[in-house]
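If you want the building blocks of each chain, they are given just below.
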Amino acid sequence: MADFWDLVIVGAGPAGLTCAIYGRRAGLSTLLVERAMPGGQLLETTQVENFPGFPEPISGMELMARVQRQAERLGAEFRFAEAKGLEPRDGAWAVRTEKGEVLGRAVVVATGAHPRPLPAKGAQEFTGKGLSYCATCDGFFFRDQEVLMVGAGDAALVEALFLADLCRRVYIAVRHPKDDPKAVRAAASLKERALAHPRIQFLWNVVVDEVYGDERVRGVVLRDLGTGERRPFPVDGVFVKIGYEPATAWVRGVVELTEAGYIRTDPWMRTSARGVFAAGDVREPQGRAAQAVVAAAEGALAALAAERYLRLGEGWHEHP
């Protein structure tokens, strides 16, 4: 069958692409199923400075393009479709997509996570109309304007610094007081750069209650968490980085998930379903960091585990 593979990998971010490289080097026929452009969240990163082997900064898009070319050179194939479901089928696994089914003797789930939506009135209405979840995608449209970044983690400050090179002013809404040592959860170097940047201003102990405008965003309503006071705050655009939600709806009921929807695995990336593995940000975040190099390592481990499972049989699932 043309659509029967040794290894089917769903998701082509750092974890999925690396998994494909290791799968092909193990001699497995390998298919990557990806709903969009390969690269995952790294496509939103302007500079990667901490990936081994690159002494000079490289854009996330270029880094992932190189990894994709490496996987293709080794013989991995791609199917651009969105996974809709997973079910056992005659000793293998069927991945259902809107373009049909593909069968794999082993499956690696590497679908990552998507941005958590801003829980504010008007946020959904104005998404794409001045509210964005990707500064590197949309920042160009806000040149010389004033924008608000919601979030204070690594991703939020990276994007705020990127916007500060384009925009007249970048405000950062932080939901904790300034004197709270955990108010800004980003790396110390990012925090120092953002605090010192002349175009960045932090707004402490506030949340966004509402996004308002006409055809486009014209501002937000901020609520002071100390006093409860609500006030309009005019801005030209809103960018949101408040965390991610795992893309696991399509495997719910098939593999064990955490309460938050992440996939539980053992150290070999094995899920609760035999022959199904998981790697990258789709995995339970406890004990792991959301870094490209970590996702790539997990993709390699998943491929090695899948190869051993296919070679030694289901018994290996209990005895590595």
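The structure reproduced in this document is the subject of the present report. Remember, predicted model here, so these are calculated numbers, not experimental data.

1. Some details on the layout of surface pockets
Gaps between atoms show up when a probe of the same size as a water molecule is rolled over them.
1) Next: The computed volume of the second largest pocket comes to approximately 320 Å³.
2) Next: The wall of the second largest pocket is formed by 17 residues, among which V150, G151, R175, V207 and I242 lie closest to the centre.
3) Next: Counting residues per element, the lining of the second largest pocket draws most heavily on strand β12 (residues 206-213), which supplies four residues.

2. A word on the nonpolar core
1) Next: With 35 residues, the main nonpolar core has L7, I9, L32, V108 and F277 as its most contacted residues.
2) Next: Secondary-structure elements contributing two or more residues to this core are β1 (4-10), α1 (14-25), α2 (60-73), β6 (100-109) and α7 (292-312).
3) Next: The element best represented in this core is α7, accounting for nine residues.
4) Next: Those residues in contact with L7 that lie beyond four places of it in its chain are C19, G23, L28, S29, T30, L31, A106, V108 and A306.
5) Next: Counting 24 residues, the second largest nonpolar core, distinct from the first, contains M149, A152, A164 and A183.

3. What to know about the sheet that holds strand β15 (residues 237-240)
1) Next: Taken in spatial order, the five strands make up an open sheet running β8-β15-β9-β10-β11, and their pairing is parallel. The open sheet is flanked by β8 (131-132) and β11 (200-203), the only strands paired with a single partner.
2) Next: As paired strands, strand β9 (residues 146-150) and β15 are joined by four bridges and run parallel to one another. Within β15, the position partnered with V147 by the bridge is G237.

4. Overview of the pattern of salt bridges
1) Next: Per the stated rule, a full pass over the model turns up 19 salt bridges.
2) Next: Two residues, R230 and E210, come together in a salt bridge whose shortest N-O distance is 4.0 Å. Here E210 lies in strand β12 and R230 lies in strand β14 (residues 230-234), a separation of 20 residues in the sequence.
3) Next: Residue R230 is classed as partly exposed on the basis of its relative accessible area, which comes to 47%.
4) Next: Residues participating in the shared-partner salt-bridge network are E87, R89, R96 and E101.

5. Comments concerning the packing of α1 against α7
1) Next: For the pair α1 and α7, interaxial distance at closest approach is 7 Å and the crossing angle is 35 degrees. Our pair here, α1 against α7, has a crossing hand that is right-handed. Two secondary-structure elements touch here, α1 through P14, A15, T18, C19, Y22 and G23 and α7 through A292, A295, A296, G299, A300, A302, A303 and L304.
2) Next: Its residues assigned to classes, the contact of α1 with α7 shows 11 nonpolar, three polar and no charged.

6. Let's talk about a nonpolar patch on the surface
1) Next: The grouping of Y22, L301 and L304 at the surface amounts to a nonpolar patch, some 240 Å² of accessible area in total.
2) Next: Structurally, L304 is set in helix α7.

7. As for the packing of aromatic side chains
1) Next: In the structure shown here, the tally under the stated rule is seven aromatic pairs.
2) Next: Ring centres of F202 and W204 lie 5.1 Å apart, and the angle between their planes is 10 degrees; this geometry places the pair in the stacked category.

8. A word on the pairing of strand β5 (residues 92-97)
Working note: regular strand, side chains alternate between the two faces of the sheet.
1) Next: With five of its six residues buried, β5 lies for the most part within the structure.
2) Next: Both strand β4 (residues 83-89) and β5 contribute to a ladder of six bridges, which runs antiparallel. Considered in β5, the bridge of E87 is made with A94.
3) Next: Taking the residues between adjacent antiparallel strands as the criterion, β4 and β5 are bridged by two residues, where D90 takes a positive phi near 55 degrees.
4) Next: Direction of pairing for β5 relative to β6: antiparallel, over a ladder of five bridges. Across the sheet, the residue bridging to W93 is G104, located in β6.
5) Next: Between β5 and β6, which follow one another and run antiparallel, lie two residues.

Thresholds applied
- Residues numbered from 1 in each chain as written.
- Predicted model: local features only at pLDDT ≥ 70, side-chain atom pairs only at ≥ 80, totals over all residues.
- Heavy atoms only, no water.
- 1 Å grid on protein atoms, 1.4 Å probe; cavity = no way out; pocket = protein on both sides within 12 Å on 5 of 7 lines; lining within 4 Å.
- Points joined across faces, edges and corners; volume = space filled by probe spheres on them.
- Helix = DSSP H or I, 4+ residues; strand = E, 2+ residues; numbered from the N terminus.
- Core = buried A, V, L, I, M, F, W, Y, C linked by side-chain atoms within 4.5 Å.
- Buried < 20%, exposed > 50% of the residue type's maximum accessible area, 1.4 Å probe, protein only.
- Contact = heavy atoms within 4.5 Å.
- Pairing = 2+ DSSP bridges.
- Salt bridge = Lys/Arg side-chain N within 4 Å of Asp/Glu carboxyl O.
- Axes fitted to C-alpha atoms, helices over the stretch in contact; angles between N-to-C directions.
- Left-handed = near helix turned anticlockwise from the far one by under 90°.
- Nonpolar A, V, L, I, M, F, W, Y, C, P; charged D, E, K, R; others polar.
- Patch = residues over 30% accessible without salt bridge, like charges linked within 9 Å, V, L, I, M, F, W, Y side chains within 5 Å.
- Areas by Shrake-Rupley, 256 points an atom, 1.4 Å probe, with all protein chains shown as cover.
- Phe/Tyr/Trp six-rings, centres within 6.5 Å; stacked < 30°, edge-to-face > 60°.

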